[in-house]
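The chain contents come next:
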Amino acid sequence: MERLKDRSHGSSAPAAKVPSTWISPQRPSYRWWVAATVMLGAFLVVVSGATVNVALPPIMTTFSMNLDEVQWVITAYMIASAVLIPTVGWLGNRLGNRNLFLLSLLLFISSSALCGLAWGGGPLVFFRIMQGIGGGPLIPMAMVLMNDAFPPRERGFAMGLFGLASAFGPAVGPVIGGYLTDYLSWRAVFYINIIPGVVCMALVFLVLPNTRDAQRRSLDLPGLTALAVFLVCFLIALSQGHRHGWDSPFIQRLFVVGAVTLVAFVVIELWRDEPLVDLRLYRNLGFTVVSVVILINAVNFWASNFIQTILMQRTMDYTPAQAGFATLPGAFVMAFTTLAAGRLADIIDRRLIVLFGLGLFALSCYWFSYISLETPMHTIIWMIVGRYFSIAFVYTPMNAAALMTLPPDRVRMGSGLINIMQQGIGGTTGIAVMATFLEHRMLYHTQMFDQQQALSPLQWSQILAPIREFLAEAGEVGVMLGLKSLSLVQRQLILESTVTAYQDCFLLMTALCVVVMPLVLFIRRAPRRLL
């Protein structure tokens, strides 16, 4: 009886009725069926993003796309997903949780099949937009359904299970994507979603009740329009700023339009009685603090993954397969550590767990700041394991704490806002800021190396002498001997300045972790009756 009482207390909104399902909600195993169903859906979305990244080079070859064009395969999905996430509250109110999850999953797998059938770069980007529309609501709805299925005293463990699915996708995604691309075709990366997606749809029919809120909400069309324009302008500006230049008229216009529509969106949402996004949620100090911490941590997480991938493949000459296998142990550690972190979040103060995770993340980023071209692969693997291990102790308790601070009828909207912070704004901001910072630091260190060489007492002839001798022994003669000697020295200077710039990036991430740690103390502690 206590378990049923806890479950009813945690429902996300008043339901008009609770129709029967093939698996009764009164069964002790019911919450595990729900967990398996929604975790499979969340896993499909997360692993799809990881596998598509690996398939980009063969896509470029097939459709004769350049780098600026092919990046829209990623950006289009991200923008479409981010625009749909804020509508989860209204869509869930109108359609019901099961119908919304089912329709999103249907659109996701059908557009995945269309992506595999794409006959050009333009159609592929269009189908990726459709896939983003379908995939956007799945992650926040998975959080809501997991939150509803488990009693309050087990919410931390529920978020640990959710984190397991979210972390397991990046662990196996690059390996699966690389294998399918090398041995079959890049199109198989999209086709692989179909069979698991159909299985997940069958489970949704059998497990999830078709409940709907008793009170219907109207669509806030002006607010949706303003939010969509803001997100599109803001995310395009962030993702394209380092390519076009942050001072280019195109990027500046995007930021101006984004700022104006953001102000208009805030005014509209505060004025309407039934807003698309209830900004009054941020009057809740606990939810606001959790949102800020999640945003900064998302910036760090996505930026560190981006920097790590570029460093290993472009600077240290790792193949994509080697880079994928290097991250595999850490990703597996993160996947299974989320369960332990979730259980701990139900037992002890969540603030202590988050501080522990942030401290470990800061230490691992600081360890990365000592990386060099001579760092062996096994050391890099341990660096990655340390960073991924710490992530579980941040995301899992923070997600549980975010939903705990909200009234039951606001959980669905709150989960959507949290996912915008994690996947949309946090991820895009982290990658954009770190890419710009990396470029600036590379330029700075290159100039510093040039100045040091100019002030060095050694002459160029003395520096080039051992290199010329080595090349002469290899058979080089004449003019080519001098040109190759200069080329090797210049390449080594660029590599050294690049590695030093990467070290600066990891120091910046360390500083961000330290800055955000005091905010954790303002998170509300879970009531003792839930522990």
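Look a little higher up for the structure.
Residues numbered from 1 in each chain as written. Predicted model: local features only at pLDDT ≥ 70, side-chain atom pairs only at ≥ 80, totals over all residues. Heavy atoms only, no water.

### Brief notes about the overall build of the protein
Argument step 1. Looking only at helices and strands, the protein has 20 helices and zero strands in total.
Argument step 2. Looking at the protein residue by residue over its 531 residues, the buried ones come to 54%.
Argument step 3. Put simply, of all contacts in the protein between residues at least 6 apart along the chain, 82% involve residues at least 24 apart.
Argument step 4. With an accessible surface of roughly 23300 Å², the protein has 69% of that area assigned to carbon and sulfur atoms. (Helix = DSSP H or I, 4+ residues; strand = E, 2+ residues; numbered from the N terminus. Buried < 20%, exposed > 50% of the residue type's maximum accessible area, 1.4 Å probe, protein only. Contact = heavy atoms within 4.5 Å. Areas by Shrake-Rupley, 256 points an atom, 1.4 Å probe, with all protein chains shown as cover.)

### Quick notes on the packing of helix H14 (residues 285–315) against helix H16 (residues 350–368)
Argument step 1. Where H14 contacts H16, the axes come no closer than 13 Å and their chain directions differ by 30°. In terms of orientation, H14 and H16 fall into the roughly parallel class. When you trace H14 past H16, the crossing you get is left-handed. Residues Asn297, Asn300, Phe301, Ser304 and Gln308 of H14 form the contact with H16, whose own contacting residues are Leu358, Phe361 and Phe368. (Axes fitted to C-alpha atoms, helices over the stretch in contact; angles between N-to-C directions. Parallel < 35°, antiparallel > 145°, perpendicular 65-115°, else oblique. Left-handed = near helix turned anticlockwise from the far one by under 90°.)

### Points about helix H2 (residues 30–63)
Argument step 1. With 34 residues, H2 ought to run about 50 Å at 1.5 Å a step, and its terminal C-alpha atoms sit 47 Å apart, in line with that.
Argument step 2. The largest bend along H2 measures about 45° and falls at leucine 56, with the proline proline 57 one to four residues further on.
Argument step 3. After H2 finishes, the residue serine 64 shows a positive phi value of roughly 55°. (Expected span 1.5 Å × (residues − 1). Bend = angle between axes of the 7 residues up to and from the residue.)

### Brief notes about the pattern of salt bridges
Close approach of charged atoms allows side chains with opposite charge to pair.
Argument step 1. For the coordinates displayed, the defined rule picks out one salt bridge.
Argument step 2. Salt-bridge contacts for arginine 441 lead to aspartate 504; the nearest nitrogen and oxygen are separated by 2.9 Å. Taken together, the residues arginine 441 in helix H18 (residues 411–455) and aspartate 504 in helix H20 (residues 478–520) connect sequence positions 63 residues apart.
Argument step 3. Its relative accessible area of 25% is what places arginine 441 among the partly exposed residues.
Argument step 4. The class for aspartate 504 is buried, based on a relative accessible area of 13%. (Salt bridge = Lys/Arg side-chain N within 4 Å of Asp/Glu carboxyl O.)

### A look at a nonpolar patch on the surface
Argument step 1. Nonpolar side chains collect at one region of the surface, where Leu114, Leu117 and Tyr191 lie side by side and expose about 260 Å² of accessible area between them.
Argument step 2. Inspection of the secondary structure puts leucine 117 in the loop between helix H6 (97–116) and helix H7 (121–135).
Argument step 3. Classification of leucine 117 as exposed rests on a relative accessible area of 54%. (Patch = residues over 30% accessible without salt bridge, like charges linked within 9 Å, V, L, I, M, F, W, Y side chains within 5 Å.)

### Description of the side chain of histidine 445
Argument step 1. Tracing the backbone shows histidine 445 in helix H18.
Argument step 2. Histidine 445 sits in the buried class, given a relative accessible area of 11%.
Argument step 3. Apart from the residues lying within four places of it in its own chain, the contact partners of histidine 445 are Ser497, Thr500, Ala501 and Asp504.

### What to know about the nonpolar core
Argument step 1. Counting residues in hydrophobic clusters, the biggest one holds 80 residues, and the most contacted among them are Phe101, Met146, Phe150 and Met398.
Argument step 2. Here methionine 398 is in contact with Val290, Val293, Ile294, Val354 and Ile523, once residues within four sequence places are set aside.
Argument step 3. Grouped together as the second largest cluster of nonpolar side chains are 32 residues, Ala303, Cys365, Ile384 and Tyr388 included. (Core = buried A, V, L, I, M, F, W, Y, C linked by side-chain atoms within 4.5 Å.)

### Topic: the packing of H2 against helix H4 (residues 72–84)
Argument step 1. In contact at an axis separation of 10 Å, H2 and H4 are set at 160° when each is read in the N-to-C sense. As summarised for this structure, H2 and H4 are arranged roughly antiparallel, according to the angle between their axes. Of the residues in H4, those touching H2 at Val45, Val52, Asn53 and Leu56 are Val73, Ile74 and Tyr77.
Argument step 2. Class assignment of the residues belonging to the contact of H2 with H4 gives a composition of six nonpolar, one polar and no charged. (Nonpolar A, V, L, I, M, F, W, Y, C, P; charged D, E, K, R; others polar.)

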